Amino acid sequence: MGSFVGVTVAGKAGPRILKAGTAVLTAVWVAAFFAAQSLPGLVASALVTGAMAFGAGSALIAAIVTSASEDAPRVAGAIATTAFNLGAVAGPAVAGAVVLDAAHARAAFWVSAAFTAAAMFLRVKK
């Protein structure tokens, strides 16, 4: 449900939500760490983080395709897919190394917050 909302909003707002969406997503990951202490908090944080992650992610992919299309129109989709897949591998790999056992599973939220904050500061501007 959250992913549907995020992609829908990103589709309407476009890349202009990228900077604010990434900043908000970082805060949402931190809030999810605290909210996930209870089952209702975990369910709510799953919906909110899903909406924000898919919203910011969709806007980021659109920005990659748009900027790559100018210089490399034939590989724009491949560049976006590669970036997406690198994140899909690196995030869980690092989170898996950080989470020591089931009692510390919420530590994965800090990894998500760190990667999102890093993306916000490392974003290449044309």
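These lines cover the structure that appears in this document, whether it is placed above or below. Sequence order as written defines residue numbering, which begins from 1 separately in each chain. Only residues with pLDDT of at least 70 are given local features in this predicted model, and only at 80 or more are side-chain atom pairs given and counted; all residues enter the totals for whole chains, interfaces and linings. Side-chain numbers here rest on the full set of heavy atoms in the structure, without hydrogens or water.

1. Here we look at the overall build of the protein
Operational definition: Every helix listed is a DSSP run of H or I at least four residues long, and every strand listed is a run of E at least two residues long, numbered separately from the N terminus. Exposure categories follow from relative accessible area, calculated using a 1.4 Å probe and restricted to protein chains: below 20% of the type maximum is buried, above 50% is exposed, and the middle band is partly exposed. We call two residues in contact whenever any of their non-hydrogen atoms come within 4.5 Å of each other. Surface exposure here means Shrake-Rupley accessible area, sampled with a 1.4 Å probe, where a residue is shielded only by the protein chains that are shown.
Along its length, the protein carries 5 helices and 0 strands. Along the protein, helices and strands appear, N-terminal first, in the series α-α-α-α-α. Expressed as a percentage of the 126 residues in the protein, the buried residues total 28%. Residue pairs at least 24 apart in sequence account for 68% of intrachain contacts in the protein once pairs closer than 6 positions are excluded. For the protein, the computed accessible surface area is about 7800 Å², with 74% contributed by carbon and sulfur atoms.

2. Focus: helix α4 (residues 76-98)
For the record, the criterion: Working rule for helices: expected span equals 1.5 Å times residues minus one.
Over its 23 residues, α4 extends 33 Å from the first C-alpha to the last, a length consistent with the 33 Å expected when each residue adds 1.5 Å. Taken together, the buried positions of α4 are Ala76, Ala80, Gly91 and Ala95.

3. Examining the side chain of threonine 116
Tracing the chain through its elements places threonine 116 in helix α5 (residues 107-122). When its relative accessible area of 10% is taken as the criterion, threonine 116 is described as buried. Not counting residues up to four positions away in its chain, the partners in contact with threonine 116 are Thr22, Leu25, Thr26 and Trp29.

4. A short note on the nonpolar core
How we decide: Here the nonpolar core consists of buried residues drawn from Ala, Val, Leu, Ile, Met, Phe, Trp, Tyr and Cys, with membership extended through side-chain atoms lying within 4.5 Å.
The biggest cluster of nonpolar side chains holds 8 residues, and these are Leu25, Trp29, Ala32, Phe33, Ala36, Ala56, Phe109 and Ala113. Sorting elements by how many residues they give to this core places helix α2 (residues 18-35) first, with 4 residues.

5. A few points about α5
Under the 1.5 Å per step criterion, the end-to-end length of α5 is 23 Å for 16 residues, consistent within 8% with the ideal 22 Å. When α5 is considered as a whole, its buried residues turn out to be Ala107, Phe109, Val111, Ala113, Thr116 and Ala117. Looking at the buried positions of α5, the neighbouring elements they touch are α2 and α4.

6. Observations regarding the environment of valine 5
Within the secondary structure layout, valine 5 lies in helix α1 (residues 2-13). On the basis of relative accessible area, valine 5 is assigned to the partly exposed category, the value being 40%.

7. Details of the side chain of threonine 26
Under the convention used in this document: Definition of a polar contact: a pair of N or O atoms within 3.5 Å, with one able to donate and the other able to accept a hydrogen when the atoms are protein atoms, and with sequence-neighbouring residues admitted only if both atoms are side-chain atoms.
One can find threonine 26 in helix α2. On the basis of relative accessible area, threonine 26 is assigned to the buried category, the value being 14%. At 3.0 Å, the side chain of threonine 26 and the backbone oxygen of threonine 22 are in polar contact.

8. Remarks on the packing of α2 against α5
Here is the rule we go by: Lines fitted to C-alpha atoms define the axes here, with helix axes fitted over just the stretch in contact, and angles between the N-to-C directions of these axes take values from 0 to 180 degrees. What sets the label is the angle itself: under 35 degrees gives roughly parallel, over 145 gives roughly antiparallel, 65 to 115 gives roughly perpendicular, and the rest give oblique. By convention the crossing between two helices is left-handed if the near helix lies anticlockwise of the far one by an angle smaller than a right angle, and right-handed if it lies clockwise.
Remark: α2 packs on α5, axes separated minimally by 8 Å, with the N-to-C direction vectors making an angle of 170°. In this view, α2 runs roughly antiparallel relative to α5, as classed from their interaxial angle. As for how α2 packs across α5, the hand of that crossing is left-handed. Note on element contacts: α5 touches α2 through Ala107, Phe109, Trp110, Ser112, Ala113, Thr116, Ala117 and Met120, opposite Thr22, Ala23, Leu25, Thr26, Trp29, Val30, Ala32, Phe33 and Phe34.

9. Focus on the packing of aromatic side chains
As a reminder, the rule being used: Ring pairs are drawn from Phe, Tyr and Trp, using the six-membered ring of Trp, whenever the two centres fall within 6.5 Å, and their geometry is named by plane angle: stacked under 30 degrees, edge-to-face over 60, tilted for the rest.
Counted by the stated rule, this structure contains 4 aromatic pairs. Relative to phenylalanine 109, the ring of tryptophan 29 has its centre 6.1 Å away and its plane inclined at 35°; by these criteria the two rings are tilted. With tryptophan 29 in helix α2 and phenylalanine 109 in helix α5, this pair connects stretches of sequence that are 80 residues apart. We classify tryptophan 29 as buried; its relative accessible area is 14%.

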